[in-house]
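A closer look at the structure
One letter stands for each residue in the lines below.
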Amino acid sequence: RDRTSPVMTSKERVLTTFARREADRVPINYSANADIDARLKAHFGLAPGDHAGLLGRLGVDFRGVGAPYTGPQLFEQIEGRHIDLWGIHRRWVEHPTGGYWDYCDFPLREADVDTVATWPMPDPDHYDYSQVAAHCRAQGEFAVHVGDPGLACIINTAGFLRGMEQALVDLLVDDEAGLLLVDRMLDQQYEVTRRVLAAAEGGVDFMWIGEDLGTQIGPLISHDIFTKHVRPRHQRFIDLAQEYGLPVMIHTCGSSSWAYDDYAEMGVGVVDTLQPEARDMAPAYLKERYGDRLAFHGCISTAGPVATGTVDETIADCEATLATMMPGGGYCFAPTHALQDNSPTENVVAMYETAWRAGRYG
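My aim in this report is to walk through the structure given alongside it, one point at a time. Here the structure is a predicted model, which is why all the values come from computation and not from measurement.

Counting secondary structure elements, the chain contains 14 helices and 10 strands. Taken over the C-alpha atoms alone, the chain extends approximately 60 × 45 × 45 Å along its principal axes. A burial count over the chain gives 53% of its 362 residues as buried. Partitioning the intrachain contacts of the chain with sequence separation of at least 6 by distance along the chain shows that 75% fall at a separation of at least 24. Surface summary for the chain: the accessible area is close to 15,500 Å², and the carbon and sulfur share equals 52%. Separation of charge centres in the chain, based on 30 positive and 52 negative side chains, amounts to 5 Å.

Right, here's the structure in full:
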């Protein structure tokens with residue numbers, strides 16, 4: 001059966017938590033690769049396409065809303081590749097527990113300014129905004145977000161077309177072509193997001209943006225580069241959210257707490273991912289250092305016991321994280337990234353059972 005609460009709606013629960021207050025229980029979120037997602041649906045006796053049913057079984061409090069692209073195809077497909085709206089190339093890579101679409105080719109790696117300036121991008125006019133308000137109303141009991149970890153993302157987004165090394169060099173040397181690519185992509189994202197918010201008629205509860213800022217052992221870029229290139233571009237999206245009175249959650253992979261003081265100052269209220277094995281990302285450190293200014297979403301490592309341990313180890317890890325992060329409110333239970341195909345089904349089920357059982361206040 002679906003898990004519901006007579007105390008708070010999901011929307012109330014999430015917004016209370018984002019305000020760093022204790023709700024009836026911790027909010028719960030979910031993200032997973034295709035193989036483990038299919039196995040979870042089979043475990044619960046759900047149809048392969050019943051995503052809403054799975055979210056209900058897991059007690060997930062979050063839902064997303066957006067506008068589908070309805071414009072022309074911008075790029076021809078190539079055999080052995082999947083090419084998306086932006087011209088980003090992916091190839092299928094199999095591994096012992098499944099497979100995934102990995103980025104490849106990087107067609108703008110050596111592009112000059114003229115090539116970047118004429119690279120086709122989806123026109124904001126070619127999205128269907130007509131059903132946004134209805135979708136928000138249909139999900140009104142949940143916390144509805146616009147955006148995701150890819151919104152406003154600079155390094156990954158440019159890296160998908162330029163290659164990660166070149167994307168980082170672009171920021172380091174102020175490469176004109178690389179920065180033009182970033183700004184063209186972010187301008188498009190900003191305009192689509194602005195139109196979705198306008199069409200939502202108040203039905204959106206928060207904005208979700210992202211930027212991968214850390215390796216496992218330290219920052220991916222210097223604070224000077226962050227201040228010069230990342231902060232002003234993100235501030236624009238945060239200001240847009242604030243025009244609508246919305247909290248902002250930012251996804252930051254790896255050792256990224258070094259940027260949290262900046263983000264709190266900029267108006268971000270929630271930080272996402274929180275890989276506990278990365279430097280300065282342990283739950284106790286985050287709670288002590290930033291808990292008076294930021295709420296948290298994540299902490300359950302997709303490379304930890306849920307992937308490599310037993311059911312009992314998974315339960316113990318989730319219980320320990322909850323015990324650290326719950327006091328005083330401000331914590332949403334979620335995986336640090338998409339749950340991976342190597343996660344045993346029974347571990348993932350135990351993870352969510354633990355959140356439901358041990359994540360209650362009072």
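This part covers the environment of Tyr 30. Counting through the fold element by element, Tyr 30 comes out in the loop between α1 (10-18) and α2 (34-43). With 306 residues separating them along the chain, Tyr 30 and Thr 336 place their C-alpha atoms 9.7 Å apart. Excluding residues that lie within four positions of it along the chain, Tyr 30 makes contacts with Asp 37, Leu 40, His 51, Leu 54, Leu 55, Leu 58, Val 60, Pro 335, Leu 339 and Tyr 352. A polar side-chain atom of Tyr 30 sits 2.6 Å from a polar atom in the side chain of Asp 37.

Another point: the pairing of strand β7 (residues 248-252). Buried residues dominate β7, accounting for 5 of its 5 residues. Here β7 shows a buried face lined by Val 248, Ile 250 and Thr 252 and a second buried face lined by Met 249 and His 251. Where strand β6 (residues 206-210) and β7 come together, 4 bridges link them in parallel fashion. In the strand pairing of β7, Ile 209 is matched with Ile 250.

What follows covers the sheet that holds strand β10 (residues 331-335). The sheet built from 7 strands is open, its strands ordered β1-β5-β6-β7-β8-β9-β10 with parallel pairing. Because the sheet does not close on itself, it has two edges, and the strands there are β1 (62-65) and β10. Each adjacent strand pair in this sheet contributes to an overall mean axis angle of 30 degrees, direction not counted. In the packing of helix α9 (residues 223-243) onto the sheet, contacts are made with β6 and β7, and the angle to β6 comes to roughly 170 degrees.

Judged by pairing direction, the sheet is antiparallel, and its 3 strands sit side by side in the order β2-β3-β4 without closing on themselves. Sheet topology places β2 (82-83) and β4 (98-104) at the edges, where each strand pairs with a single neighbour. Pairing between strand β3 (residues 89-95) and β4: 7 bridges, direction antiparallel. Note on β4: the bridge partner recorded for Arg 91 is Asp 102.

As a further point, take the packing of aromatic side chains. Summed over the entire model, instances satisfying the criterion amount to 14 aromatic pairs. Ring centres of Tyr 69 and Tyr 127 lie 5.3 Å apart, and the angle between their planes is 70 degrees; this geometry places the pair in the edge-to-face category. Highlighted residues: Tyr 69 in the loop between β1 and β2 and Tyr 127 in the loop between α4 (113-118) and α5 (132-138), separated in sequence by 58 residues. Classification of Tyr 127 by relative accessible area gives buried; the value is 13%. Arranged with centres 5.7 Å apart and planes meeting at 75 degrees, the rings of Phe 226 and Trp 258 form a pair that is edge-to-face. One end of the pair, Phe 226, is in helix α9; the other, Trp 258, is in the loop between β7 and α10 (260-266), and 32 residues separate them in sequence. Taken together, Phe 18, Phe 62 and Phe 206 form an aromatic cluster joined through their ring pairs. In this structure, Arg 236 is placed above the aromatic ring of Tyr 190, and the distance from its NZ or CZ to the ring centre is 4.1 Å. Over the face of the ring belonging to Trp 356 we find Arg 360, whose NZ or CZ atom lies 4.7 Å from the ring centre.

It is worth spelling out the packing of helix α6 (residues 155-162) against helix α8 (residues 176-199) at this point. How two helices pack is summed up by the angle between their axes together with the distance between the axes. Relative to each other, α6 and α8 sit at 120 degrees, their axes nearing to 10 Å. The angle between the axes of α6 and α8 places the two elements in the oblique class. For α6 against α8, the interelement crossing comes out right-handed. Of the residues in α8, those in contact with Thr 157, Ala 158, Leu 161 and Arg 162 of α6 are Ala 177, Gly 178, Leu 181, Val 182 and Met 185. Here the residues of the contact of α6 with α8 sort into 6 nonpolar, 2 polar and 1 charged.

A separate point is empty space enclosed by the protein. Evaluation of the coordinates by the stated rule reveals 1 cavity of 30 Å³ or more. For the largest cavity, the calculated volume is near 30 Å³. If you go around the largest cavity, the residues you meet are Ile 154, Ile 155, Ala 158, Ala 167, Asp 170, Leu 171, Gly 178 and Val 182. Only α6, α7 (164-173) and α8 provide two or more residues apiece to the lining of the largest cavity.

Rules and cut-offs
- Residues numbered from 1 in each chain as written.
- Predicted model: local features only at pLDDT ≥ 70, side-chain atom pairs only at ≥ 80, totals over all residues.
- Heavy atoms only, no water.
- Helix = DSSP H or I, 4+ residues; strand = E, 2+ residues; numbered from the N terminus.
- Buried < 20%, exposed > 50% of the residue type's maximum accessible area, 1.4 Å probe, protein only.
- Contact = heavy atoms within 4.5 Å.
- Areas by Shrake-Rupley, 256 points an atom, 1.4 Å probe, with all protein chains shown as cover.
- Lys, Arg positive; Asp, Glu negative; His and termini not counted.
- Charge placed at Lys NZ, Arg CZ, Asp CG, Glu CD.
- Polar contact = N/O pair within 3.5 Å; in protein donor to acceptor, adjacent residues only side chain to side chain.
- Pairing = 2+ DSSP bridges.
- Axes fitted to C-alpha atoms, helices over the stretch in contact; angles between N-to-C directions.
- Phe/Tyr/Trp six-rings, centres within 6.5 Å; stacked < 30°, edge-to-face > 60°.
- Lys NZ or Arg CZ within 6 Å of the ring centre and 35° of its normal.
- Parallel < 35°, antiparallel > 145°, perpendicular 65-115°, else oblique.
- Left-handed = near helix turned anticlockwise from the far one by under 90°.
- Nonpolar A, V, L, I, M, F, W, Y, C, P; charged D, E, K, R; others polar.
- 1 Å grid on protein atoms, 1.4 Å probe; cavity = no way out; pocket = protein on both sides within 12 Å on 5 of 7 lines; lining within 4 Å.
- Points joined across faces, edges and corners; volume = space filled by probe spheres on them.

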